[in-house]
Amino acid sequence: MERFYQKLKEKLDSRRREARLINPPSETTKADMIDFSSNDTLSLSSSRLLTEGFMHQINTHPDFIVGSRSARSLDGTQDYLIGIENYLAAFHRSETAMFFNSGFDANVAIRSSLPLPGDFVLHDQYVHASIHDGMRKCRAETVMFRHSDVGDLRRCLGKIKEENKSIAKRENHVFVALESFYSMDGDLLPIEEVVRASREVMPGGNYLLCFDEAHSNGLVGPNGSGLVCHYGLEDEFPIRLATCGEGLGFTGAAVLCRDVVKQTLINYVREVIFTTALTSLTVCAVRVGYEILASKEGERRRHALQQNIHTFYHLLTTSKTWSLARRKNVIYMPMEETWERQPFLSPIVGLITTDCEKVGVLADRLADHRYFTNVVHSPLVPKGMDRIRLMIHANNTKEQIRDVVRLIVEWVDGEIGG
């Protein structure tokens, strides 16, 4: 038995020596820090808007059942949960919706239950880990295309159709796994180009564009309903995922789909059949969050967030020090050359140092001035692409953003001088 624990310790010690050990900070550690790290990008949670709305929901629904009696496949589906799903379906202009404990669970459920033998799952190079976990469980063959490369998407779709008669004859289907904003680089999918390429290569229509809106839900589109709704492409994306752990500052996720897909998930997903159903208390904060999104306050926060992101990029990229650092290959941001051309900007900013060991040094410098950020190491990102994952929020002030940029520029200036 002791040998087993020793092996675990050796694995952790190895990560510690490589400065890759994940050691989540306590609330006490973050108490006096300014948030440039969390996914609460609209600041709904930190502002206590969610808390206040939650208490109102509790007071207006005295018949809430605190616990969950059973799995959803049995008698664990409560009326309040059904009401939330109907509300989310209408909000996102979908036939129906099914709520899951998390976006991770939902992504695994989609890939493990819907693709059938003979089908294919074609996925972007940088899709989320949950999609990869779902693909490991699925019965279809998986194929990767280069990140956001529409030309490579076309090539892969064409090759799948050419080499598989069941696809060419429209007997089987290709599931295309995509995201809106990608979670580490913060870049935006060229959604209209993807739709056009898929139609042209697969005119028979035997493909399904599956879209994870984790980092766009709440931030873009009518009332924050997402990228697909912004472009009016609901019919082009039969399976969408609206998660609540980012813009809404809560947890959980809704699969937006047709009713036949929802019934399939209820009947075939092990994480649904063998898991206790969500309670009314769990999802009532989701209702609160969506009501805020659809309000004037929600629109104000979306506007403030976009302004803050623009301010950050403008201040940093127009700095002479930053331009020199790029020429000397000291540090870079994946979005620095394209941010001005984007219709929307993601609050995710990657600060990638070419010397991976110096990522932590920059993060420590920011922390010394009470700015909390996240350092992300391999294997969470590809080897050699360690970074600070800086998150911008609606409630960050212009003074805070200017100060963060100043600290980054000063650090970079020292690196160039050194």
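Please read these numbers as outputs of a predicted model, since none were measured by experiment. (Residues numbered from 1 in each chain as written. Predicted model: local features only at pLDDT ≥ 70, side-chain atom pairs only at ≥ 80, totals over all residues. Heavy atoms only, no water.)

*Asks:* Give a detailed account of the overall build of the protein, specifying residues and quantitative values.
*Replies:* Along the backbone of the protein there are 17 helices and 13 strands. At 22 Å, the protein has a C-alpha radius of gyration in line with the 22 Å of a compact globule built from 418 residues. Principal-axis analysis of the C-alpha atoms places the extent of the protein at approximately 60 × 60 × 60 Å. Looking at the protein residue by residue over its 418 residues, the buried ones come to 52%. (Helix = DSSP H or I, 4+ residues; strand = E, 2+ residues; numbered from the N terminus. Rg over C-alpha atoms; globule rule 2.2 N^0.38 Å. Buried < 20%, exposed > 50% of the residue type's maximum accessible area, 1.4 Å probe, protein only.)

*Asks:* So what about the sheet that holds strand β5 (residues 174-179)? Which residues, and what values?
*Replies:* What the 7 strands build is an open sheet, ordered β2-β8-β7-β6-β5-β3-β4; its pairing is mixed. Across the chains shown, the open sheet's two edge strands, defined by having one partner strand only, are β2 (96-100) and β4 (141-145). On average, each strand axis in the sheet is inclined to that of its neighbour by 20 degrees, with strand direction left out of account. Seen against the sheet, helix α9 (residues 191-201) touches β5 and β6 (207-212) and runs at an angle of roughly 165 degrees to β6. (Pairing = 2+ DSSP bridges. Axes fitted to C-alpha atoms, helices over the stretch in contact; angles between N-to-C directions. Contact = heavy atoms within 4.5 Å.)

*Asks:* Kindly report on helix α3 (residues 49-60), identifying the contributing residues and their values.
*Replies:* In this model, α3 (12 residues) spans 17 Å end to end at C-alpha, consistent with the 16 Å of a helix rising 1.5 Å per residue. Those residues of α3 not exposed but buried are L50, G53 and Q57. Projected onto a plane normal to the axis of α3, the buried residues spread over an arc of 70 degrees and lie on a single side. Projecting away from the buried face of α3 at angles above 90 degrees are the exposed residues E52 and N59. Of the surrounding secondary structure, the elements contacted by the buried residues of α3 are α4 (79-91) and α13 (280-293). (Expected span 1.5 Å × (residues − 1). Arc of directions from axis to C-beta.)

*Asks:* Can you tell me about the pattern of salt bridges, naming the residues and giving the values?
*Replies:* Across all of its chains, the model carries 25 salt bridges by this definition. Here E297 makes a salt bridge to R300, at a shortest N to O gap of 2.8 Å. With E297 and R300 both in helix α14 (residues 296-317), this residue pair falls 3 residues apart, about one helical turn. Here the salt bridges do not stand alone but share partners, grouping R146, D149, D152 and R155 into one network. (Salt bridge = Lys/Arg side-chain N within 4 Å of Asp/Glu carboxyl O.)

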